[in-house]
Amino acid sequence: MRKPFRLGLTGGIGSGKSTVANFLSESGAAILDADAVARSLTSAGGQAIPALLAEFGESILTPEGAMNREAMRHLVFSNPDSKRQLEAILHPLIGQAMSAQSKVAVAAGHSCLVFDVPLLVESGERWRRQIDAVCVVDCLPETQIQRVMARSQLSHEEVASIMSQQASRSQRLACADAVIFNEGIDLAQLKHQVNEMGARFGL
Ligand code: ATP
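Everything quoted here is computed from the prediction, not taken from an experiment. (Residues numbered from 1 in each chain as written. Predicted model: local features only at pLDDT ≥ 70, side-chain atom pairs only at ≥ 80, totals over all residues. Heavy atoms only, no water.)

Proximity of charged atoms lets side chains of opposite charge pair with each other. Across all of its chains, the model carries eight salt bridges by this definition. Across the salt bridge formed by arginine 73 and glutamate 70, the nearest N and O atoms sit 2.9 Å from each other. With arginine 73 and glutamate 70 both in helix 4 (residues 69-78) and three residues apart, this pair spans about one turn of that helix. Take arginine 73: its relative accessible area is 41%, and that puts it in the partly exposed class. Note that arginine 128 and aspartate 177 form a salt bridge whose closest N and O atoms lie 3.0 Å from each other. Placement of the pair is arginine 128 in helix 6 (residues 125-128) and aspartate 177 in the loop between helix 9 (169-174) and strand 5 (178-181), with a sequence separation of 49 residues. (Salt bridge = Lys/Arg side-chain N within 4 Å of Asp/Glu carboxyl O. Helix = DSSP H or I, 4+ residues; strand = E, 2+ residues; numbered from the N terminus. Buried < 20%, exposed > 50% of the residue type's maximum accessible area, 1.4 Å probe, protein only.)

Under the defined criterion, the tally for this structure stands at two aromatic pairs. Their ring planes at 55 degrees and their centres at 6.0 Å tell us that phenylalanine 115 and tryptophan 127 sit as a pair that is tilted. Residue phenylalanine 115 is found in strand 3 (residues 112-116), and its partner tryptophan 127 is found in helix 6; the two are separated by 12 residues along the sequence. Owing to a relative accessible area of 1%, tryptophan 127 belongs among the buried residues under this scheme. (Phe/Tyr/Trp six-rings, centres within 6.5 Å; stacked < 30°, edge-to-face > 60°.)

We note that the domain assignment places domain 1 (1-29 + 112-203) and domain 2 (38-109) within the protein. For domain 1 versus domain 2, the separation of C-alpha centres amounts to 23 Å. At the interface, eight residues of domain 1 touch seven residues of domain 2. Across the domain 1/domain 2 interface, buried area totals approximately 670 Å², and carbon plus sulfur atoms make up 77% of it. Taken as a group, Leu113, Arg126 and Trp127 account for 51% of the area that domain 1 buries against domain 2, more than any other trio of residues on that side. In this structure, the connection of domain 1 to domain 2 is made through zero salt bridges. On the surface where domain 1 and domain 2 come into contact, there are zero residue pairs in polar contact (both at pLDDT 80 or more). When residues of the side of domain 1 that touches domain 2 are traced back to their parent elements, those giving at least two are strand 3 and helix 6. In the side of domain 1 that touches domain 2, the residues fall into six nonpolar, one polar and one charged. (Domains from an automatic or database assignment. Contact = heavy atoms within 4.5 Å. Buried area = accessible area lost by both parts, 1.4 Å probe. Polar contact = N/O pair within 3.5 Å; in protein donor to acceptor, adjacent residues only side chain to side chain. Nonpolar A, V, L, I, M, F, W, Y, C, P; charged D, E, K, R; others polar.)

As structure tokens, then:
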């Protein structure tokens, strides 16, 4: 059996990652979504909850027992050690869950696995070892802001602040094996670019 191709998919907030992932899925790729895994691990009864409780105490849980994202975000912003502690708990669990999902996808016959990891560049070598190529979805920063504002209640400043916490455009592009420039094109043209990239990697 041919070894499955493992494509890392990343990009800043609002760049169009999910849209690209959907197009790849339509072409038969299995999508492994790191954010969805993280949400499941930190939901009530999730696998990360006991360790989070032991590390940070009840103040970072909701009354239902899920991780309180707002409280956690606040803690992480104000204390870099908390960020490291949170990552030390979550990263191994996310890695295990994604690895289990890849095995299921390969057993189901998928020859392309897409690791949809928004913070792939930010997490350094950890992800790079597990994938064959990195695809960066890129657009102008102002376009990211307009897209996110159009689909959320966030203000211009709030989106810009989230972007300032993420890797810069140039840091991301420096890690790319393929770039999808999702700017000034409609969804049909975006799909075409995705298909061209797929052809390039033999997907
Ligand atoms: P996030 O990081 O916030 O999850 P994302 O990178 O996954 O965002 P998407 O959700 O794919 O981005 O796209 C953001 C919004 O912009 C969506 O509403 C999507 O439909 C729209 N969009 C993305 N690319 C295009 C395009 N080329 N033409 C029109 N709309 C687009």
